[in-house]
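Here's the letter readout for the chains.
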Amino acid sequence: MTVLVYEDFGAGRHRESSLIRHALGSVHDEVLVAGLAGGIGFMYFVFEYAGRPPVATIVAQAHPHPWVQTALGRLHVPYLATTSAKPRLNRVCGALDAGLPVFCVVDRSGLPWHGAAESPEPASVDPYTVVVAGYEGDTFYVEDGADTPYAIGREEFGAAWSAHRKGRHQMIVPTGPPDGEPDLDEAIATTLARLTGPVLGNHFDANFGFCGMEKFAAQLRDTRTETGWEQRFGASPEALGAGMRRLHSCLEEQWTAPGATRPLYADFLDLAGKPEAAELFRDSGRQWSSLAELARTADPAADEADRRVLFDACADRVDGALALERQAAEILSKG
């Protein structure tokens, strides 16, 4: 017998928001879900791995707080969040038998429709949320942004569920309808605080929010030090190509909605009655998409002079987005 607890699938504009919307029965708009989860953010790091080109990582959506729990909490949807030392696959089936979807954090490379080649980071570094929406015998049906759920053997799913160390065997199960009104003002205030102030409370805060954007622009322009993009990504066509592909992906595809999530968040601010700030974030999204397009069309074999033009143009887009977002933050801070 096939158990499938909902039948509305598809990516929408933002993968995680669509997962939540579908799992809750599509009673909430994707824009509302995205905004309540925090909407936008900014995290910038460049990771170095032996024998490989540097890996630039930008997370343009709200980060690092968990998207699902934050959205459910601000929707006032009750849920159970549990972890275990072993992959309790029978608990997953039990929740599904009760008509309840199950959010799980997995290692994306353990899902056969992705594969390890898609992620430049080592396996299990990147937390990745999917929803187990049903099962039949030893086959699980997993929602992951496609128009229909993916089929995967329970043991193979258990291995992917075990491989992500920090989220190992976590289950998040919505257990009932909302018992309050959505917390729009709280969501906006938290997003604003993470853009303008400390996020982690340690030295890594230099990589987050507006400080992270400043650091990103400075490193794009830096021609002298080992942390500048000229030395990190200009060393070879392989490094430049990898860096530019990564920029495009981070701003348009992974850990984001198109335009660094800014257009989606602008729609949320319209919903919340903040049209002036919304328009500024919409303009900022155009700057981020322009940067992504520069990266997508960059020539990996560009010489030093052309690389300098490229990196400076990218930095100009970051500066433009930052100026717009600071204006929006000032407006939002006044209520």
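Quick summary incoming for the structure in this document. (Residues numbered from 1 in each chain as written. Predicted model: local features only at pLDDT ≥ 70, side-chain atom pairs only at ≥ 80, totals over all residues. Heavy atoms only, no water.)

Glancing now at the overall build of the protein chain. Summing up its helical and strand segments, the protein chain has twelve helices and nine strands in all. Relative to the compact-globule value of 20 Å for 335 residues, the protein chain shows a C-alpha radius of gyration of 20 Å, a close match. With the C-alpha coordinates of the protein chain rotated into their principal frame, the extents come out at 65 × 50 × 35 Å. Put simply, 70% of the contacts in the protein chain that link residues at least 6 apart link residues at least 24 apart. Split by element, the accessible area of the protein chain, about 14300 Å² in all, is 52% carbon and sulfur. (Helix = DSSP H or I, 4+ residues; strand = E, 2+ residues; numbered from the N terminus. Rg over C-alpha atoms; globule rule 2.2 N^0.38 Å. Contact = heavy atoms within 4.5 Å. Areas by Shrake-Rupley, 256 points an atom, 1.4 Å probe, with all protein chains shown as cover.)

Attention now moves to helix H11 (residues 275–296). An ideal rise of 1.5 Å per residue puts 32 Å on 22 residues; H11 measures up with 31 Å between its terminal C-alpha atoms. Along H11, the residues classified as buried are Ala 277, Ala 278, Leu 280, Phe 281, Arg 282, Ser 284, Gly 285, Trp 288, Leu 291, Ala 292 and Ala 295. (Expected span 1.5 Å × (residues − 1). Buried < 20%, exposed > 50% of the residue type's maximum accessible area, 1.4 Å probe, protein only.)

Attention shifts here to the pattern of salt bridges. As enumerated under the stated definition, the model contains 17 salt bridges in all. Measuring nitrogen to oxygen at the nearest pair gives 2.8 Å for the salt bridge that ties Arg 282 to Asp 270. Within this pair, whereas Arg 282 is found in helix H11, its partner Asp 270 is found in helix H10 (residues 262–271), the two being separated by twelve residues in sequence. On the basis of relative accessible area, Arg 282 is assigned to the buried category, the value being 17%. For the salt bridge of Asp 283 with Arg 286, the shortest nitrogen-to-oxygen distance reads 2.3 Å. Here Asp 283 and its partner Arg 286 are both found in helix H11, three residues apart, which amounts to about one turn of the helix. A relative accessible area of 48% places Arg 286 in the partly exposed class. Residues participating in the shared-partner salt-bridge network are Arg 13, Asp 267, Asp 270, Glu 279 and Arg 282. (Salt bridge = Lys/Arg side-chain N within 4 Å of Asp/Glu carboxyl O.)

Take the environment of Glu 156 next. Take Glu 156: it is sitting in helix H5 (residues 154–163). Measuring from C-alpha to C-alpha, the distance between Glu 156 and Gly 110 comes to 7.7 Å, with 46 residues separating the pair along the chain. When near neighbours in sequence (up to four residues on either side) are disregarded, Glu 156 contacts Gly 110 and Pro 112.

What follows deals with helix H12 (residues 304–333). With 30 residues, H12 extends 43 Å from end C-alpha to end C-alpha; this agrees with the ideal 44 Å at 1.5 Å per step. Positive backbone phi, approximately 90°, marks Gly 335, located one or two places after H12.

What follows is about unusual backbone geometry. Note: most peptide bonds trans; most residues except glycine with negative phi. Pro 64 follows His 63 through a cis peptide bond whose omega is 10°. Summarising the element assignment, Pro 64 is placed in the loop between strand E3 (55–61) and helix H3 (67–75). Phi at His 76 is positive, roughly 60°, even though this residue is not glycine. Structurally, His 76 can be placed in the loop between H3 and strand E4 (79–82).

Membership of the largest hydrophobic core comes to 80 residues, with the highest contact counts inside it found for Ile 20, Phe 216, Trp 229, Met 244, Leu 269, Phe 281 and Trp 288. No other element matches the eleven residues that H12 contributes to this core. If near-sequence neighbours (up to four positions away) are discounted, Leu 269 is found in contact with Ile 188, Lys 274, Pro 275, Ala 277, Ala 278, Phe 281 and Leu 332. By size, the runner-up hydrophobic cluster in this structure holds 23 residues, among which are Cys 93, Cys 104, Tyr 128 and Met 171. (Core = buried A, V, L, I, M, F, W, Y, C linked by side-chain atoms within 4.5 Å.)

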